[in-house]
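Structure assessment
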Amino acid sequence: PAREALLGLAAGGGRIARPPRKACNSLGRPGDNGVPAVLTLLRISGFALIDELEIAFGPGLTAVTGETGAGKSILVEALGLLRGGRAGADLIRTGRDEARVEALLELPAQSELRARLADDGRQVDVDGDEGLVVRRVIARGGRGRAHLGGSLATAADLAATVAGLIDIASQHDQ
C-alpha cells in the first residue's frame, strides 16, 4: 500500500495492521459509549529525516512495524511533540528553518472534551476539517509555537488535552 511505501517501511518488510476497534470513551480510552477520539491525519514537515510526509489513517488500530532504521521512532517522536513533549532545534531537518508536526483528531459530537474546548474558545471543525487540529512548530532560531483548535497553546495545554487522546505503547510498557 501507498502508506507503507511512504513511510519507507515496505523496503524493510514492515506492515501496517488494523485490528478491529474496541469500544472507547470520548478520550479514546476503553469505555461504554463505543465512540473514541480518532487520529485521522498526521502531517510532518522538516522533522528529523522527514522532508514532507502525510498519513491519512483509516478506522481501527494502526500498528506501524518495520526494520531497524525504517523511521518508526521518528513517527513516535513527532506524536510525542503533539502530546506536549519536549522540543529542541536538534529535531529540525538539516537545511530547514523549522519543523512542523500537525494532526487532525476526530472528536465525537457529544464528547466532554469537545464542549470543554468550545468553552475555552478553541475551535473544532474548522476550514472543512472535521475535528481538532493540533500543530507544533519548532523554529531553529529558538522559540517554537503550539496550536490547539486554531489558537496558540502551550506545551502544557497539549499535554492536558492531546496526551489523553493519543496513546503511545512500546514493547517496554508495563
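Preceding block: the structure.
The paragraphs below set out a description of the structure included in this document. (Residues numbered from 1 in each chain as written. Predicted model: local features only at pLDDT ≥ 70, side-chain atom pairs only at ≥ 80, totals over all residues. Heavy atoms only, no water.)

When helices and strands are counted, the protein chain shows 4 helices and 8 strands. Along its sequence from the N terminus, the protein chain presents helices and strands in the succession α-β-β-β-β-α-β-α-β-β-β-α. Contacts spanning at least 24 positions in sequence make up 65% of the contacts within the protein chain whose residues lie at least 6 apart. (Helix = DSSP H or I, 4+ residues; strand = E, 2+ residues; numbered from the N terminus. Contact = heavy atoms within 4.5 Å.)

What follows covers the pattern of salt bridges. Tallying each qualifying case throughout the model produces 9 salt bridges. Taking the shortest distance from any N to any O, the salt bridge between E98 and R100 comes out at 2.9 Å. For R100, a relative accessible area of 27% gives the class partly exposed. Between E102 and R135 there is a salt bridge, and its shortest N-O distance comes to 2.7 Å. Residue E102 is found in strand β5 (residues 98-106), and its partner R135 is found in strand β6 (residues 132-139); the two are separated by 33 residues along the sequence. (Salt bridge = Lys/Arg side-chain N within 4 Å of Asp/Glu carboxyl O. Buried < 20%, exposed > 50% of the residue type's maximum accessible area, 1.4 Å probe, protein only.)

Here the focus is helix α2 (residues 72-82). Within α2, the full set of buried residues consists of I74, L75, A78, L79, L81 and L82. Down the axis of α2, the buried set is contained in an arc of 150°. They therefore lie on one face. Taken from the residues just after α2, G84 is the one with a positive phi, measuring 95°. (Arc of directions from axis to C-beta.)

Moving on, we get to the environment of I74. In this fold, I74 is placed in helix α2. For I74, a relative accessible area of 17% gives the class buried. Along the sequence, I74 and I50 sit 24 residues apart, while their C-alpha atoms lie 8.2 Å from each other. In this view, I74 contacts F47, A48, L49 and I50; residues no more than four positions away in its chain are not counted.

What follows is about the pairing of strand β3 (residues 50-56). Where strand β2 (residues 38-47) meets β3, 6 bridges bridge the pair, whose relative direction is antiparallel. Note on β3: the bridge partner recorded for L42 is I55. Counting the residues that bridge the hairpin from β2 to β3 gives 2 residues, and of these A48 lies at a positive phi of roughly 55°. (Pairing = 2+ DSSP bridges.)

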